[in-house]
Amino acid sequence: MTAAAAPLVLVDGSSYLFRAYHALPPLNNSKGQPTGAIKGVINMMRRLIKDYPQSTVVVIFDAKGKTFRDDIYSEYKANRPPMPDDLRSQIQPIHDIIRAMGLPLVCIEGVEADDVIGTLGRIATEQSRDLVISTGDKDMAQLVNQHVTLVNTMTDTKMDVEGVKEKFGIPPELIIDFLALMGDKVDNIPGVPGVGEKTALGLLQGLGSIKEIYQRLDEVATLSFRGAKTMAKKLEANKEQAELSYLLATIKLDVELDFTLDELTNTAPDEDTLNTFFTEFEFKSWVKAAGTPSKAPKSEASTAPQGADEALSEVLAEDMPTHYDTILDEASFNTWLQKLKTAKLFAFDTETTSLDYMQAQVVGVSFAVEPGSAAYVPFGHDYLGAPAQLTRDWVLAQLKPLLEDANTPIVGQNLKYDANVLSNHGIDFKAFKYDTMLESYVTNSLGRHDMDTLALAHLGHANISFEDIAGKGAKQLTFNQIELEKAAPYAAEDADITLRLHLALWSKLEAQPELLSVFNNIEMPLVNVLHSIERNGVLLDANVLNIHSQELTQRLAELQKEAFNLAGREFNLASPKQLGEIFFNELGLPVLKKTKGGAPSTAEEVLQELALDYPLPKLILEHRGLAKLKSTYTDKLPQMIAPATGRVHTSYHQAVTATGRLSSNNPNLQNIPIKNTEGRRIRKAFIAPAGYKIVAADYSQIELRIMAHLSGDKTLLAAFNDGKDVHSATAAEVFGVALGDVQPEQRRSAKAINFGLIYGMSAFGLAKQLHIGRAEAQKYIDLYFERYPGVKNYMDNTRVDAAEKGYVQTLGGRRLYLPEINDRNGMRRQAAQRTAINAPMQGTAADIIKIAMITVNNWLAETNQPAKMIMQVHDELVFEVKEDAVETFKADVCDLMGQAMTLDVPLLVEAGMGDNWDEAH
């Protein structure tokens, strides 16, 4: 294709900007400068240039300030929050880099980027010139015609006229009408009340455009969509609003331009300027691509395949040619097996029938030994007409020696899942060498760490999505039902991208020894521990939960009846709207807070405050809590017992929380309430098998002890080292009384101060918690800092240090980046400062419990203890222990956990035992 015949490509730069910012994990360079949006936008630009090598590529951004739509409708886009400072700071560098790439960049005041693109689209159409618009904005579908096509680089999809009809159910010329009828919450286009997507389609498909609909209102009732009989009245009553919405949704096609299409040309990239920017923002692979070789430092233990570092920039920065094999015979498999046996590193992945690791069966496996080259071995596809495949038993038997050898150099993405499903087939997967999900998480814990997000962030590559090959919703296929023509490229790509991600991420970890240590000594060894705990599961007494559920049902009915009596009428206890009417209109309760829409709020924190003085909010809170307890635990847990084991098997997640703490789901063991009787009753259902006891070992006041160590405050250190009750000791210091004279109320206040301050609580928050005046709360805080000056110094220094570096660090070396630590918005900046103070404590506590889990797990195996670890919840480890070994076990496990990390104060671990978890706690 010649340049003259190639389509003109218009990039919706503003769409790219926000999509990159929200889709990718927050990235910062070593100076703390946000770089994620820059990398995402430029990645997509580079991909686009590669896809359209003969085309002129033009980038259009929104200009600063208001547009003509704001003059028409003052509430236009009023719901949009202000642009985050960490995104705003990346806009100018993006503009500068795009210009240095030799691409025209257009911003026109008073209109949006859409309007400039629409005008250029009209001109191109009039000149019979083909034009491609690269955007993710559905509104642009109105511009599609025989010459104008949309492309979405995030999903790698194109949309022509037929594509618009297929996606929306209407042609491009009705898209404006569609948007006007439905409205748009993001842009605050009002639309017609009561009209959603199905109703809008019903109207447009049945009667035509908005103009035709209003000419044929008497026919609306004859249409087949739900609510058609009353829709004509709604349309009639909201005609002006519909017309306004149509005007707001219409992309302008007559923007005044001071250039012609022919004047939009690409020029040669300014390599020196690009090098300067890529070096500053630490896009190392791009520096070489821009013309200056720059190899990431490679240690002796580097895991990059031989020769990979020379081609690293090309591998990481661009989509590269790929060759994927589908292996259907023994000879081909043996060829690949030999490659795996001699490889210095290979990526491995499984495809399965289910996300439930206890039920999943392996359908096929994939592997890659070098970037761009991968293979998929299917053995469980069972759709009609599926080709003959190797047998599962034979393939897994060949792979078993490699997978069970801890020295096999394997990299995967979320290997714990693969280990679990392989366990279902009798393979003890021990080759936990590298995991790209955890490499990303350790590099920067913020954001998502799934393969699709990471591929886009680090490789500029949009993966084949599972929905593309399996469909969506209730009709979505499981992997065994997917045709090999679709399944094989998807599966092989998973292995290829995993290997390439490892190359990208490993160089970053190697360059930061402390983070490398977190990965090697904490996160990777923990994978095997968590796999073991998940397989062990926990025994559950379903009868205890069923009885509890019945009692909760009865109590909920009683609460509902009491609520009706207090309100003077029946209502839906779960309806915020009805609660608002009763609270504020009928009972006259004070309005403490309003929603964004201006309605009185009935949010949880509002109810908690109202509950201090009024009985109905208190009752509603109790009802909500019990209803959640019932639906989440007492009803659901019995249904989650695995038939094969009679136990419940949760999933632990290492790469979710920003601070390093583990989370769990299906079921979520971290959120079972412990502060109320009903919550503790649920723990009674977690039982020990016959001949065993439950042992729960818990770190005591671990975050306060870490605070003492970090702050080095002499008084606080002395309290812990002397074995004093720290809350009583704090009360004695703050209230100026002897330790023996501390009253329970004073200790309670001191406890609130101790824990409140490490979470960054203000005088306002403390006053609220203690039900005292703000001045009195501030006095307590001032007295606290006076008696513990080291704590105040730590907090002050941490804020300053975090602002300079852009991150804080745990004692184990884990980092937490704080993209809003220098935000111009005071609330966001203060929230980041509170996080900066607390994160080193929470993160260090997370490191300690993880190190303890690894240590204890090794001890259990090495000494053949009559016990197994079955749960981890916050700062607590839970075990099943043979009855005659309980006392010795408790002493040993407390000692091991206490040695997980050396602090300036002792790590105190307390252990209890019982027939169930509640008794042991």
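Here's the deal with the overall build of the chain
- When its secondary structure is counted, the chain shows 37 helices and 22 strands.
- Against the 2.2 N^0.38 benchmark of 29 Å for 921 residues, the chain shows a C-alpha radius of gyration of 31 Å, consistent with a compact globule.
- Within the chain, buried positions represent 54% of all 921 residues.
- When contacts within the chain are restricted to residue pairs at least 6 apart in sequence, those whose partners lie at least 24 apart make up 69%.
- Distance between charge centres in the chain, computed from 91 positive and 121 negative side chains, equals 4 Å.

Observations concerning the sheet that holds strand S9 (residues 362–370)
- Across the sheet, which stays open at both edges, the 6 strands sit in the order S7-S10-S9-S8-S11-S12 with mixed pairing between neighbours. A strand with exactly one partner marks an edge of an open sheet, and here the two such strands are strand S7 (323–326) and strand S12 (434–435).
- The strands touched by helix H17 (residues 415–423) are strand S8 (346–352), S9, strand S11 (410–412) and S12; relative to S8, the strand with the most contacts, the crossing angle is about 55°.

Structural notes on the confidence of the model for the chain
- With 94% of its residues at a pLDDT of 70 or more, the chain has an overall mean of 88.
- Here residues 289–318 is a poorly scored stretch, pLDDT under 50, and it has 62 contacts once near neighbours within four places are set aside; other chains count.

Some words on unusual backbone geometry
- Here the residue pair Asn666 and Pro667 is connected by a cis peptide bond, since its omega of 0° sits within 30 degrees of zero.
- Among the secondary structure elements, Pro667 is positioned in the loop between strand S16 (663–665) and helix H27 (677–683).
- Even without a glycine there, the phi angle at Glu282 is positive, about 65°.
- Among the structural elements, Glu282 can be located in the loop between helix H12 (271–280) and helix H13 (284–289).

Section: the pairing of S8
- Across the 7 residues that make up S8, a large majority, 7, are buried.
- Along S8, one buried face is formed by Phe346, Phe348, Thr350 and Thr352 and the opposite face, lined by Ala347, Asp349 and Glu351, is buried too.
- Here S8 pairs with S9 via 6 bridges, running antiparallel. Within the sheet, the bridge partner assigned to Thr352 lies in S9 and is Val362.

Quick look at the packing of helix H18 (residues 436–443) against helix H21 (residues 484–510)
- Put simply, H18 and H21 touch, their axes get as near as 9 Å, and they point 30° apart. Taken together, the axis directions place H18 and H21 in an arrangement best described as roughly parallel. Read as a crossing pair, H18 and H21 show a hand that is left-handed. Where H18 approaches H21, its residues Thr436, Glu439, Ser440, Val442 and Thr443 are matched on the opposing element by Thr498, Leu501, His502, Leu505, Trp506, Lys508 and Leu509.
- Here the contact of H18 with H21 is composed, by residue class, of 5 nonpolar, 5 polar and 2 charged.

Side note on the nonpolar core
- If you look at the biggest cluster of nonpolar residues, it comprises 112 residues, and the most contacted ones within it are Phe583, Phe686, Tyr699, Phe879 and Met897.
- The element that contributes the greatest number of residues to this core is helix H35 (residues 826–862), accounting for 12 residues.
- For Tyr699, the contacting residues outside a window of four places in its chain are Ile848, Ile849, Ala852, Asp875, Met897, Gly898, Ala900, Leu907, Leu908 and Val909.
- Grouped together as the second largest cluster of nonpolar side chains are 59 residues, Ala141, Leu143, Phe178 and Val195 included.

Some words on the pattern of salt bridges
- One pass over the full model with this rule turns up 40 salt bridges.
- For Lys400, the salt bridge is made with Glu404, and the minimal N-O distance between the two is 3.9 Å.
- Residue Glu876 pairs with Arg683 through a salt bridge whose shortest N-O separation is 3.9 Å. A residue pair is termed long-range when its members are at least 10 positions apart, and Glu876 in strand S21 (residues 876–882) and Arg683 in helix H27 qualify at 193 residues.

Quick word on the side chain of Asn916
- With respect to the secondary-structure elements, Asn916 resides in the loop between strand S22 (909–914) and helix H37 (917–920).
- Judged by its relative accessible area of 9%, Asn916 falls in the buried class.
- A polar contact of 3.0 Å, which involves the side chain of Asn916, links it to the backbone nitrogen of Asp918.
- Of note is the side chain of Asn916, whose polar atom sits 2.9 Å from the backbone nitrogen of Glu919.
- Leave out the neighbours within four places in its chain, and Asn916 touches Arg683, Lys684, Phe686, Ile687 and Ile694.

Remarks on the pairing of strand S2 (residues 57–60)
- Burial along S2 is two-sided: the residues Val57 and Val59 and Val58 and Ile60 are all buried.
- Bridge count for S2 against strand S3 (residues 105–106) is 2 bridges, and the pairing is parallel. If you follow Ile60 over to S3, its bridge partner there is Val106.

Details of helix H4 (residues 85–100)
- The terminal C-alpha atoms of H4, which comprises 16 residues, lie 24 Å apart, in line with the 22 Å expected from a rise of 1.5 Å per residue.
- Most pronounced at Ile91, the bend in H4 amounts to some 25°, and the proline Pro93 follows within four residues.
- Among the residues of H4, Asp85, Asp86, Leu87, Gln90, Pro93, Ile94, His95, Ile97, Ile98 and Ala100 are the ones counted as buried.
- Where H4 ends, the next residue or the one after it, Gly102, has phi of about 85°, a positive value.

Things to note about the packing of helix H30 (residues 726–735) against helix H33 (residues 774–787)
- It is the contact of H30 with H33, at a shortest axis distance of 9 Å, that shows an interaxial angle of 105°. One finds that H30 runs roughly perpendicular with respect to H33. Contact with H30, carried on its side by Thr730, Glu733, Val734 and Phe735, involves Tyr780, Leu783, Tyr784 and Arg787 of H33 and no other residues of that element.

A word on the sheet that holds strand S1 (residues 8–12)
- Sheet architecture is open: 6 strands sit in the order S3-S2-S1-S4-S5-S6, paired in mixed fashion. Two strands lie at the open edges of the sheet, namely S3 and strand S6 (157–159), each paired on one side alone.
- Relative to S2, S1 runs parallel, the two sharing 4 bridges. Along S2, the bridge assignment pairs Asp12 with Ile60.
- Together, S1, S2, S3, strand S4 (131–134) and strand S5 (148–152) form the strand contacts of helix H5 (residues 113–126), whose direction differs from that of S1 by roughly 165°.

What counts as what
Residues numbered from 1 in each chain as written. Predicted model: local features only at pLDDT ≥ 70, side-chain atom pairs only at ≥ 80, totals over all residues. Heavy atoms only, no water. Helix = DSSP H or I, 4+ residues; strand = E, 2+ residues; numbered from the N terminus. Rg over C-alpha atoms; globule rule 2.2 N^0.38 Å. Buried < 20%, exposed > 50% of the residue type's maximum accessible area, 1.4 Å probe, protein only. Contact = heavy atoms within 4.5 Å. Lys, Arg positive; Asp, Glu negative; His and termini not counted. Charge placed at Lys NZ, Arg CZ, Asp CG, Glu CD. Pairing = 2+ DSSP bridges. Axes fitted to C-alpha atoms, helices over the stretch in contact; angles between N-to-C directions. pLDDT = per-residue confidence, 0-100. Parallel < 35°, antiparallel > 145°, perpendicular 65-115°, else oblique. Left-handed = near helix turned anticlockwise from the far one by under 90°. Nonpolar A, V, L, I, M, F, W, Y, C, P; charged D, E, K, R; others polar. Core = buried A, V, L, I, M, F, W, Y, C linked by side-chain atoms within 4.5 Å. Salt bridge = Lys/Arg side-chain N within 4 Å of Asp/Glu carboxyl O. Polar contact = N/O pair within 3.5 Å; in protein donor to acceptor, adjacent residues only side chain to side chain. Expected span 1.5 Å × (residues − 1). Bend = angle between axes of the 7 residues up to and from the residue.

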